[in-house]
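Fold and contact review
For reference, the chains in residue letters:
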Amino acid sequence: MVQAVELDVRDLEPPEPLDKAIDALHNLQAGQYLVFIHRREPVPLYPMAEEMGFRHRMEQVDAMFRVYFWRPMDKEVHQYLKSL
Amino acid sequence: MRRDPSLNFEEIPEWRLPFRFFMAAACMGVVTGIGLLLGSAGFSLVLDSRWQLSLIGLLHLFTLGSITMVMIGALFQVTPVMTGEMIKRSPRFLWVFQAMFVVGVLLLAVGLWTYLAPLLIFGALAIFLSLAVFAAKGVRSLFRSQATKPSAQALKFSFIALLVVVVLGGTLLLMHGRLFGLALDRSITNIHMIWALAGWVGVLIAGVSFQVIPMFHVTPEFSELCQHHLPKVVAIGLLVYSAGALMDGAGWLMSLSQWGVTLAFMVYGVEVWQLLQKRKRKLEDVSVSLWKSAVVHFVLFVLVMAGLTLNEMAGGNLWSGYWQEKLKLVAGILLLLGSVWSIVLAMLQKIVPFLAYLHMQRACGTDYSKIKALPHMRELMPIERGRILKYLHWLLVWVLVLTTVFPSLFLLSGIIWVISFLLLAGMIVHVLRMLALHAPYANGSSAR
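Quick caveat: nothing in here was measured; it's all calculated off a predicted structure.

Definitions and cut-offs
Residues numbered from 1 in each chain as written. Chains lettered and ligands numbered in written order. Predicted model: local features only at pLDDT ≥ 70, side-chain atom pairs only at ≥ 80, totals over all residues. Heavy atoms only, no water. Buried < 20%, exposed > 50% of the residue type's maximum accessible area, 1.4 Å probe, protein only. Helix = DSSP H or I, 4+ residues; strand = E, 2+ residues; numbered from the N terminus. Pairing = 2+ DSSP bridges. Right-handed = clockwise from strand over helix to strand, strands pointing away. Patch = residues over 30% accessible without salt bridge, like charges linked within 9 Å, V, L, I, M, F, W, Y side chains within 5 Å. Areas by Shrake-Rupley, 256 points an atom, 1.4 Å probe, with all protein chains shown as cover. Salt bridge = Lys/Arg side-chain N within 4 Å of Asp/Glu carboxyl O. pLDDT = per-residue confidence, 0-100. Contact = heavy atoms within 4.5 Å.

Residues and elements named next belong to chain A. Among the 7 residues that make up strand β2 (residues 32-38), 7 are buried, leaving the element largely enclosed by the rest of the structure. Side chains of β2 alternate between two faces, with Q32, L34, F36 and H38 and Y33, V35 and I37 buried alike. Looking at chain direction, strand β1 (residues 3-8) and β2 are connected through 6 bridges and run parallel. Looking at the pairing, E6 lines up with V35 of β2. As for the winding sense of the linkage, the β-α-β connection from β1 through helix α1 (residues 16-27) to β2 is right-handed. As judged from the 5 bridges shared by β2 and strand β4 (residues 64-70), these two strands associate in the antiparallel manner. When the sheet's bridge partners are listed, I37 is paired in β4 with R66.

Taken together, the side chains of Y322, W323, L402, V405 and F406 of chain B define a hydrophobic patch exposed on the protein surface, amounting to about 480 Å² of accessible area. Residue class for L402 of chain B comes out partly exposed when judged on its relative accessible area of 42%.

This next bit is on the confidence of the model for chain B. When pLDDT drops low, the exact placement of atoms in the prediction is not to be read closely. Residues and elements named next belong to chain B. Counting all residues, the mean pLDDT for chain B is 88, and 91% of those residues have values of 70 or more. Low pLDDT, under 50, characterises residues 1-6; the predicted model gives this stretch 17 contacts beyond four residues in sequence or across chains. Here residues 443-448 scores under 50 on pLDDT; set against residues more than four positions off or in separate chains, the count is 18 contacts. We note a pTM of 0.90 for the whole complex and an ipTM of 0.81 for its interfaces.

All names here are of chain B. The topology assignment puts F101 in helix α3 (residues 91-114). Taking the relative accessible area as the measure of exposure, F101 reaches 0% and is therefore buried. F101 has contacts with L64, T68, M69, I72, I127, S130 and L131, leaving out every residue within four places of it along the chain.

Here you go:
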């Protein structure tokens, strides 16, 4: 069963969004993916997430950035996000 | 995958680069304070007129040694992030550039104070060469950039303004030396000053704030009107002012353009205040207090300038020439120290710990336990010290204002000045020590 973990950091000051994202990525379980919502694109987070073994996909809706992070080896999540 | 074209964190320079300029700025501030202390000991410094050479020496020590030094450090950091283009530099260039700039500023200040022509000429020449190369590199990299965001446009204009300031500064040097038959023309001094204050410092601060205020203080974005039109209005105002200053009988044109530029910055100041009022989290924040105090000091500066203009229009009948000169000095203190330096301190309160934190986090790699052991922003820049710095700074502004009338306060203003810059230097050293503790094996590269 695929489960989304949502993290909305739009009201937080830097570097809290980055900090919270690393916490959330670290605690992500098999079958889960992270939906990270921020007012800015979290560019510094990408190389860190990549080193931790995550892939990402970004969507921008007006002034809001929604970034999905998942482990590519988690096939179920990978397939699910591809189908979205 | 789409990327936000306004910010590019893949081109962040090594962390030591901005820190060396921030540290140098604090040290040069201490030297300026020592200059004030020497003034209190009777070394020919009296706050009588803005044309007094010893005062011009101290003014350049502060505006170049501290304000411009911080801005250069910040520009090396923010230019690649905001525009995607690095300001090209090698380690050797950085050493030569910074050493030349520091020595130049010191020689210029001492040369102006003592009026020793060789010091003055070598100092001004060193500043001219170092800043001209830096500004040319900045202009070159920014015109290669594809970034069209208002903050990038503001950066471009401020680099051009710096080039103008440097060229005019060089011209003034030739005039002082009566070289090539040039006689000293105070209208060139005024053009040099207004391009430095409004074009280089003002537009640069505004451009950087378009990014850092919404980002660090979680406020709404600046209005499109402010972001797009402030640099344009300032650019037009400066060009018109310069034309007016070089023409005979065009004083009204200079006044009109000067007030146009001032009002544009007033609108900007009001918007800064409104945005900070709309912060989502209303926690105590030294940076916010400093931003707001900068706006208040700017409004006071505008009121003093309005008084000065009215007195001039009334033919000097409102108050004597003595008070007119004193008020000009008060206006300078309110603008440079009360407003500009408050903003510089406000930005440093956020940028310094943030850069350090970002670097430490990257140095930890994927080691989660190390990341969790990192100090928080408030440990890197303790709020108690920030609060003391803020109160000392405000005290300094007002003691210095009073010193224009009561020279006996010279010693006190010098002491407060030295302490406040020593405190700033101490805060930067604290961050550097934390960096050494948590990222001991780093070679200075924070990016990638």
